[in-house]
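The lines below spell out each chain.
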Amino acid sequence: MHIDDKLSEMVAHHRQVHTRYLSAHFRHIMLKIYAYLEQGRFQECLHYIQSLFLETRGGTRRGFPLPAAVELVALSAAIAEIA
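Residues numbered from 1 in each chain as written. Predicted model: local features only at pLDDT ≥ 70, side-chain atom pairs only at ≥ 80, totals over all residues. Heavy atoms only, no water.

Q: Can you tell me about the environment of E81, naming the residues and giving the values?
A: Tracing the backbone shows E81 in helix α5 (residues 66-82). A relative accessible area of 38% means that E81 is categorised as partly exposed. C-alpha of E81 to C-alpha of F42: the two residues are 39 residues apart in sequence and 9.8 Å apart in space. (Helix = DSSP H or I, 4+ residues; strand = E, 2+ residues; numbered from the N terminus. Buried < 20%, exposed > 50% of the residue type's maximum accessible area, 1.4 Å probe, protein only.)

Q: Kindly report on the packing of aromatic side chains, identifying the contributing residues and their values.
A: For the coordinates displayed, the defined rule picks out three aromatic pairs. Look at F26 and F64: their rings are 5.2 Å apart centre to centre, the planes differ by 75 degrees, and that puts the pair in the edge-to-face class. Taken together, the positions of F26 in the loop between α2 (20-25) and α3 (27-38) and F64 in the loop between α4 (42-51) and α5 put the pair 38 residues apart, joining distant regions of the chain. Taking relative accessible area as the criterion, F26 reaches 17% and is therefore assigned buried. Put simply, the rings of F26, F53 and F64 touch in pairs and so form one group of aromatic residues. (Phe/Tyr/Trp six-rings, centres within 6.5 Å; stacked < 30°, edge-to-face > 60°.)

Q: Hey, could you go over the nonpolar core for me, with residue numbers and the actual values?
A: Grouped burial of nonpolar side chains is what soluble globular proteins tend to show. Core analysis: the biggest nonpolar cluster contains 18 residues, and I29, I33, C45, I49, L72, L75 and I79 have the highest contact counts within it. For this core, the secondary structure elements donating two or more residues are α3, α4 and α5. Those residues in contact with L75 that lie beyond four places of it in its chain are V17, T19, M30, I33 and I49. (Core = buried A, V, L, I, M, F, W, Y, C linked by side-chain atoms within 4.5 Å. Contact = heavy atoms within 4.5 Å.)

Q: Can you explain the pattern of salt bridges? Please cite residues and give values.
A: For the coordinates displayed, the defined rule picks out one salt bridge. Between E44 and R41 there is a salt bridge, with its nearest N and O atoms 2.8 Å apart. When its relative accessible area of 40% is taken as the criterion, E44 is described as partly exposed. On the accessibility criterion, R41 (30% relative accessible area) is partly exposed. (Salt bridge = Lys/Arg side-chain N within 4 Å of Asp/Glu carboxyl O.)

Q: Just give me the short version of α5, but keep the residues and values in it.
A: Along its 17 residues, α5 runs 25 Å from first to last C-alpha, staying within 8% of the 24 Å computed at 1.5 Å per residue. Turning to α5, its buried residues number three or more, namely A68, A69, E71, L72, L75, S76, A78 and I79. (Expected span 1.5 Å × (residues − 1).)

Q: Kindly report on the environment of A77, identifying the contributing residues and their values.
A: Turning to its location among the elements, A77 is positioned in helix α5. Expressed as a C-alpha distance, the spacing of A77 and L46, which sit 31 residues apart in the sequence, is 8.9 Å.

Below, the structure written as C-alpha cells:
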C-alpha cells in the first residue's frame, strides 16, 4: 500500500487528505509523519509539521513549493481534528 493511501486511511473518517506531492518529492518527511501517526503521537506530529515552516537553519531554509505547503497544512488540520 502506498504511504499516501495509508495516511488517507488513518484520517479518512475525519477529512480526505491527499499527500501525493509530498510523497513524491519529500518522502523522508512523509515517512516521519507516518511513523508519528502510526504510534498515535499526534501532538508530536503536529509540532513536527509546524517546525517544518519555521526558520531554524540560519537563513538557509528555502521553503516548500506551494503544492507541498498546501498538503502539509491540510494534513496538519486533519491531524488536529484527531488529536
